[in-house]
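# Analysis of the macromolecular model
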Amino acid sequence: MELHLILIFTLCLLFSNKSNGALPEEVYWKSKLPNTPLPKALQELLQPENLSISSEIEKPLDYYESRPFSEIDFNIGYSNINRIASTTTTVFLLHDNLFPGNRMYLNFKKAYNTSKFLPRKIAQSIPFSTKEYSKILKYSSVKPASEEAQMIKHTIQQCEAPKIEGEIKYCATSLESLVDFVVSKFGNKVLTLANEVEEENKKQNYTISQGVKKMGDYQIVCHKQIFKYAVFYCHVIEATKVYMVPLVGDDGSKVKAAVICHTDTSAWNPEHIAFQVLKVKPGGPPICHYLNSDTIVFIPY
C-alpha cells in the first residue's frame, strides 16, 4: 500500500510539470523522432490529465473482448504453440496469394485492449518479471486463481521467453522505452505503418485491390499485450517483408492493411497455428499475416 501511494504521488508531480498543454510522452516522442508523427493508435493510449493511476491499474482485464487465438496470438513468440479456435476468419495467407483480386474473409476489429501507458518513471517502479509475479498481483489487486492473473502471467512469460533464431525482441513498458528501442535500431528517421480501417468490427469478404506496395525488408513490429497498463512486445525478425495492402469489403468499405511476410519459417515451432491453417510445414513457402489494429510497424528511411 505504501508503494502504491508513493507511485500515485509521483504521477501527480509528473502531470503537474506539463508545459504548453502537451503530455510529457508526446514531448519525448517529438524530441527523439522529430519528423515522425505520433500514430493515432499510440496517441490514444496516453494518460489523460484526470486519469487516476490507481483506477487504471486496478481496472479488471476481463472487460476486454474475448478474441480467438487465431487472431491475437499468432505474432507473439514464434516458438509458442497456439490452438486454433473455431472461427471462419483467419489472418494468414501464403505470399503467392498476396495479389489483386484475391479474397479473404476477415474481421478488422477495433483495438480491444484499452489499457493506457504509464510514465516511464512509474512503469520502472512496478515489478515486471515472473520472479515477482506475486507482487504484481498484490499491487494490482488481482486474485492469483483468476483468469485475469493468467493473462498477466502469459504476457510476462512471452516477454521473458527466449528469442528465436534471428530475432531481436524487447518489451516496452512505456512509450518512452518504446521510442528508445526504435531509435537504438533505426535512428531518428523512421516511418510508422498501421491499419487504416473505415468499418471496424465487421466480418466480411475483402478483395485485394491494385496497389499492393512493399514498404521494406527490415522493420520493427510492436504488438500491444494484454496487461494492466500498456505494454508492447516489439521485435525484429530476419527474412521478413512488410506491405501495405489496399482492400475493399463486400459492403464497399476500404482498408489499408499492414501485412508482414516471413520468407524463412524454418525456426518456427512445427505446431505453430499458421502451419495448421495453411497446411504447410516449417521452411516451406513464405507466410504472410494481417496485423491487429493496435499493432505498429516501424521502418527506416
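Residues numbered from 1 in each chain as written. Predicted model: local features only at pLDDT ≥ 70, side-chain atom pairs only at ≥ 80, totals over all residues. Heavy atoms only, no water.

In the structure shown here, the tally under the stated rule is eight salt bridges. Here Asp-217 ties to Lys-214 by a salt bridge, and the two come within 2.8 Å at their closest N and O atoms. Taking the relative accessible area as the measure of exposure, Lys-214 reaches 41% and is therefore partly exposed. (Salt bridge = Lys/Arg side-chain N within 4 Å of Asp/Glu carboxyl O. Buried < 20%, exposed > 50% of the residue type's maximum accessible area, 1.4 Å probe, protein only.)

A separate point is the packing of helix α2 (residues 24-32) against helix α9 (residues 175-186). Direction vectors running N to C along α2 and α9 enclose 10°, while the axes themselves pass 9 Å from each other. Comparing the axis directions of α2 and α9 gives the class roughly parallel. For the pair α2 and α9, the contacting residues are Glu-25, Tyr-28, Trp-29 and Lys-32 in the first and Leu-175, Glu-176, Val-179, Asp-180 and Val-183 in the second. Across the contact of α2 with α9, the residue classes break down as five nonpolar, no polar and four charged. (Axes fitted to C-alpha atoms, helices over the stretch in contact; angles between N-to-C directions. Helix = DSSP H or I, 4+ residues; strand = E, 2+ residues; numbered from the N terminus. Parallel < 35°, antiparallel > 145°, perpendicular 65-115°, else oblique. Contact = heavy atoms within 4.5 Å. Nonpolar A, V, L, I, M, F, W, Y, C, P; charged D, E, K, R; others polar.)

This part covers the pairing of strand β8 (residues 220-224). The buried count for β8 comes to five of five residues, which makes it a mostly enclosed element. Burial of β8 is two-sided: the residues Ile-220, Cys-222 and Lys-224 facing one way and the residues Val-221 and His-223 facing the other way are all buried. Pairing analysis gives four bridges linking β8 to strand β13 (residues 295-300), with the strands arranged antiparallel. When the sheet's bridge partners are listed, Ile-220 is paired in β13 with Phe-298. Here four bridges tie β8 to strand β9 (residues 232-237), and the two strands are oriented antiparallel to one another. (Pairing = 2+ DSSP bridges.)

Another point: the environment of Asn-35. Following the sequence through the fold, Asn-35 ends up in the loop between α2 and α3 (40-43). In sequence terms Asn-35 and Leu-191 are 156 residues apart; their C-alpha atoms lie 8.8 Å from each other.

Averaged over all residues, the pLDDT of the protein is 84; the fraction at 70 or higher stands at 79%. Scored below 50 in pLDDT, residues 5-19 makes 21 contacts in the model with residues more than four places away or belonging to other chains. Below a pLDDT of 50 lies the segment residues 62-87, which in the model reaches 78 contacts outside its immediate sequence neighbourhood of four places, other chains included. (pLDDT = per-residue confidence, 0-100.)

Quick look at helix α7 (residues 133-140) now. Within α7, the full set of buried residues consists of Tyr-133, Ile-136, Leu-137, Tyr-139 and Ser-140. Buried residues in α7, looked at end-on, bunch into an arc of 165°, giving them a common side. Opposite its buried face, α7 presents the exposed residues Ser-134, Lys-135 and Lys-138, each directed more than 90 degrees away. Just downstream of α7, Ser-141 is the residue with a positive phi angle, here 60°. (Arc of directions from axis to C-beta.)

We now examine the state of the cysteines. Disulfide: a covalent bond formed between the sulfur atoms of two cysteine residues. Evaluation of the coordinates by the stated rule reveals three disulfides. In this model Cys-222 forms its disulfide with Cys-234; the gap between the sulfur atoms is 2.1 Å. Taking the sign of the S-S torsion, about 115° here, the bridge from Cys-222 to Cys-234 comes out right-handed. Of the two residues, Cys-222 sits in strand β8 while Cys-234 sits in strand β9, which places them twelve residues apart along the sequence. Overall, Cys-222 belongs to the buried group, its relative accessible area being 0%. Under the relative-accessibility criterion, Cys-234 is labelled buried at 0%. (Disulfide = S-S within 2.5 Å.)

Paired through their backbone hydrogen bonds, the strands of a sheet run either parallel or antiparallel. Ordered by their spatial adjacency, five strands build an open sheet running β3-β9-β8-β13-β4, and the pairing between neighbours is antiparallel. One side of each edge strand has no neighbouring strand; the edge strands of this open sheet are β3 (167-172) and β4 (190-193). If you compare each strand with its neighbour and ignore which way they point, the axes differ by 20° on average. Helix-sheet contacts for α9 involve β3, β4, β8, β9 and β13, and the interaxial angle to β3 is about 155°.

Taken as a whole and judged by the stated rule, the model has nine aromatic pairs. An angle of 65° between the planes, with centres 5.3 Å apart, marks the rings of Phe-186 and Tyr-218 as edge-to-face. Of this pair, Phe-186 sits in helix α9 while Tyr-218 is found in the loop between β7 (213-216) and β8, placing the two residues 32 residues apart along the sequence. Relative to Phe-275, the ring of Trp-268 has its centre 5.7 Å away and its plane inclined at 45°; by these criteria the two rings are tilted. Taken individually, Trp-268 and Phe-275 each receive the classification buried, so the pair is uniform in this respect. In textbook terms, an aromatic cluster arises when at least three aromatic residues are bridged by ring pairs, as seen for Phe-108, Tyr-206 and Tyr-290. The ring of Tyr-133 has Lys-153 lying over it, and the distance from NZ or CZ to the ring centre is 5.6 Å. (Phe/Tyr/Trp six-rings, centres within 6.5 Å; stacked < 30°, edge-to-face > 60°. Lys NZ or Arg CZ within 6 Å of the ring centre and 35° of its normal.)

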